[in-house]
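Here's the letter readout for the chains.
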Amino acid sequence: MKKVSFILVVLTGMLFSCNVHDNSEKTGKVRYIRDGETGKALIRLKYEHDSTLTYPEVIANYRKLDAAYPEAKLLEYGLTDCGKPLHLFVINCDRQFNPQKIHRSGKRIVMINNGIHPGETCGIDGSQMVADDILRNKNQLRNYLDNTVVCFIPVYNIGGYLYQNPWHRTNQPGPVNPGYRGNAKNLDLNRDFVKLDTRNAQSFVQIFRLWDPDVFLDTHTTNGSDHQYCITYLAAQHNSMPQAIGDYFEQVMMPAMYKKMRTTPYELIPYVQYVNRNPEAGITNYFQTPRFSTGYTLLFNSFTQMTENHCYKPYPDRVKSIYHFILKLIEFTHENADEMGQVRQKSKEQVKNQKVFALDYAVDTTNFRMIEFKGYDHGTDRSPLTGEVRYVYDYSKPFTRMVPFYDNFKPVKTVTAPAFYLIPQAWSEVIARMKLNEVNMYRLKKDTSLTVEVYYIENNQWPRRAGNGHFFHSRFTTRTEVQTIPYHKGDYLVPVNQDCNYFIVNQLEPEGPDSYFRWNFFDPCLENREWFSAHPVLEDKIVQYLQKNPEARQKLDAAIAENPDMAHNRTAQMHFVYYEFGLANRWVNRYPVTRVVDVPDGLL
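Residues numbered from 1 in each chain as written. Predicted model: local features only at pLDDT ≥ 70, side-chain atom pairs only at ≥ 80, totals over all residues. Heavy atoms only, no water.

Draft legend 1. Representation of the pattern of salt bridges in the model. For the structure shown, the criterion picks out 38 salt bridges. Across the pair Asp94 and Lys107 runs a salt bridge whose closest N-O atoms are separated by 3.1 Å. Here Lys107 lies in the loop between α4 (99-104) and β3 (108-113) and Asp94 lies in the loop between β2 (85-91) and α4, a separation of 13 residues in the sequence. We classify Lys107 as buried; its relative accessible area is 4%. In this structure, Glu349 engages Lys352 in a salt bridge whose closest nitrogen and oxygen atoms are separated by 3.5 Å. Note that Glu349 and Lys352 are positioned in helix α11 (residues 337-353) at a spacing of three residues, about one turn of the helix. (Salt bridge = Lys/Arg side-chain N within 4 Å of Asp/Glu carboxyl O. Helix = DSSP H or I, 4+ residues; strand = E, 2+ residues; numbered from the N terminus. Buried < 20%, exposed > 50% of the residue type's maximum accessible area, 1.4 Å probe, protein only.)

Draft legend 2. Quick look at the packing of aromatic side chains. Here the structure, examined in full by the defined rule, presents 32 aromatic pairs. Taking the centre distance of 6.2 Å and the plane angle of 35 degrees together, the rings of Tyr229 and Phe373 count as tilted. In this pair, Tyr229 sits in the loop between β5 (215-222) and β6 (231-235) while Phe373 sits in strand β12 (residues 369-382), placing the two residues 144 residues apart along the sequence. Residue Tyr229 is classed as buried on the basis of its relative accessible area of 3%. Ring geometry for Phe357 versus Tyr502: centroids 5.4 Å apart, planes at 80 degrees, classification edge-to-face. (Phe/Tyr/Trp six-rings, centres within 6.5 Å; stacked < 30°, edge-to-face > 60°.)

Draft legend 3. Layout of the sheet that holds strand β4 (residues 148-153). Taken together, eight strands build an open sheet; the order of strands is β1-β2-β4-β3-β5-β10-β6-β7 and the sheet is mixed. In this open sheet, the two edge strands, each paired with only one partner strand, are β1 (72-79) and β7 (268-270). Between one strand axis and the next, the sheet turns by 25 degrees as a mean value, whatever way the strands run. Two strands pair when backbone bridges link them, and β3 and β4 are joined in this way by six bridges, in the parallel orientation. (Pairing = 2+ DSSP bridges. Axes fitted to C-alpha atoms, helices over the stretch in contact; angles between N-to-C directions.)

Draft legend 4. Structural view of the side chain of Glu308. If you trace the backbone, Glu308 turns up in strand β10 (residues 303-310). Buried within the structure, Glu308 lacks any salt-bridge partner; its nearest side chain of opposite charge belongs to Arg169, at an N-O separation of 6.3 Å. From its side chain, Glu308 meets the backbone nitrogen of Thr222 in a polar contact 3.2 Å long. (Lys, Arg positive; Asp, Glu negative; His and termini not counted. Polar contact = N/O pair within 3.5 Å; in protein donor to acceptor, adjacent residues only side chain to side chain.)

Draft legend 5. Spatial organisation of α11. Here α11 spans 25 Å end to end across 17 residues, near enough to the 24 Å set by a 1.5 Å rise per residue. The complete set of buried residues in α11 reads Ala337, Met340, Gly341, Val343, Arg344, Ser347, Lys348 and Val351. Buried positions in α11, seen along its axis, are confined to an arc of 165 degrees and lie on one side of it. For α11, the exposed residues lying more than 90 degrees away from the buried face are Asp338, Gln342, Lys346 and Asn353. (Expected span 1.5 Å × (residues − 1). Arc of directions from axis to C-beta.)

Draft legend 6. Spatial organisation of the nonpolar core. Among the nonpolar cores identified, the biggest contains 129 residues, and Trp211 and Met434 are the most heavily contacted of them. Excluding residues that lie within four positions of it along the chain, Trp211 makes contacts with Leu75, Tyr77, Leu88, Val90, Phe97, Pro99, Ile102, His103, Ile109, Met111 and Cys151. (Core = buried A, V, L, I, M, F, W, Y, C linked by side-chain atoms within 4.5 Å. Contact = heavy atoms within 4.5 Å.)

Draft legend 7. A look at the environment of Leu546. Its location among the elements puts Leu546 in helix α14 (residues 536-548). Leu546 sits 344 residues away from Gln202 along the chain, and the two C-alpha atoms are 53 Å apart. Excluding residues within four positions of it along the chain, Leu546 makes contact with Ala552, Arg553, Leu556 and Val577.

Draft legend 8. Just the sheet that holds β12, in detail. Within the open sheet, the four strands sit side by side as β8-β9-β13-β12. Their pairing is mixed. Two strands bound the open sheet, and with one partner strand each, they are β8 (274-275) and β12.

Draft legend 9. Representation of the pairing of β12 within the structure. Inspection of the sheet shows β12 paired to strand β13 (residues 389-406) by 14 bridges, in the antiparallel sense. When the bridges of β13 are listed, Gly375 appears paired with Phe399. In sequence, β12 turns back onto β13 through a hairpin of six residues, with Gly387 there showing a positive phi of about 85 degrees.

Draft legend 10. Region of the structure containing unusual backbone geometry. Of the consecutive residues Gly174 and Pro175, the connecting peptide bond is found in the cis state with omega at 5 degrees. Positive phi outside glycine occurs at Asn459, with the angle close to 55 degrees. Judged by relative accessible area, Asn459 falls into the exposed class, the value being 58%.

Now the structure itself:
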């Protein structure tokens, strides 16, 4: 019997190894959290007093948890624009903090990003509560760690969070000390995930691609419409996700999250984006392009989503609602870890072999479902400043109505990907961003000429003002030609056979919604470095050219027939021939990244 009892004790210890720990290596002290027991909370928050913490207080809390629990580690990665490092706080009951080894172990990784807009602080406070409660095993929460690793970015926009001011986010009743929306470069970080103008974004990409999270959540607060819900769900548009991920997300994960949140005090509703500013007309999701956190992370086969707390609700409730959401998200991942891993692997294989990609979507107005919506009727009162009538929500008149929810989108522009894209090495800024995103590329071993498909940019309308530091190209068309172009040793070939194909195609196709062309990385290709002068020397060259190229003569004659004034205008005729036939060069308006069907042996 003694022998049997000893074996039972050993087995029991193994079973509860995630719930019992000795952190003497970290602190010199021994603390035990036994299964079924709850240790004291180690951190203190201020959200109940309508206040968030300062940045030093946030990091001090995570350092305290790191010091107390060997299952937790606060890691530092690259710098942010204010000079402070971007942190990642990791909880793993196996005490393993190498992401490659974690993935090989079969565990799912959940990553929560906070404070991208530092006036939206609910997630910053809620994540600290989640971390503390899991580590001290409140309500047996450590059970979630059996097959799940949880990672928190405590504050992403550190520069904006350091600038706390009661006049930021003035529409929301709390906290009293919100941060500033822009980062240290005054850029909106939720517009920078592909252009990577900030060190914040560059460090984030390093973390994201290294840890390759199965589930990604970005926490936000909205000051849009008013309604009865404290938290709304802005799930990535499932039609734009890789198919295996998108189908599972729509059919399994999202319904489960709505159901789970109904077991908490905080019911969940889709992010409230009205059709025609009217709840009766319906609510619609929207296509989230790669500039946004959700649009970027879905390109890498993650189950990606965003929460938007309702800024008009009391701050304590907003913090508690995101606290519950994060726990339910971890719970779902724990319950479905194996299936989610299988779906994600299937998605990666699908993407590797995928040929046709959608670049733009439109809402399918014929495909919707009715959902319950709890809102408020509109009313009026008087402005205390001027006495004018102003329109307000009448909180004395809540309502519950069924409204249509439009969450299905259909592709409106698609492209068939080539076998390779070719990026000349001159475009080093784009190449650096591809490398940072861990895109596999090969360099040409020698100078060569290749027959490729090229795009020409036409009808480009330059924007009048910059947005987030760039003059974004939103209006242009393209045409294609097949040309033989000389390339040089060291130019980059990008094979389209990778599990990040969504990213490759979206960024290198000029009409991708947030392509590098749209974000001005290729603007020099639109500029002419040679100019026209109506000199007799050039006129003689043009006459000789027209004699040798009768098809050019025919085009000039057709142009003169359409515009008779050209008949006696030598300058106009010279101008037409010089530019119409690209006599100086064919570079102007030619997009530098080309599409390659095949690469001869010996070049790679």
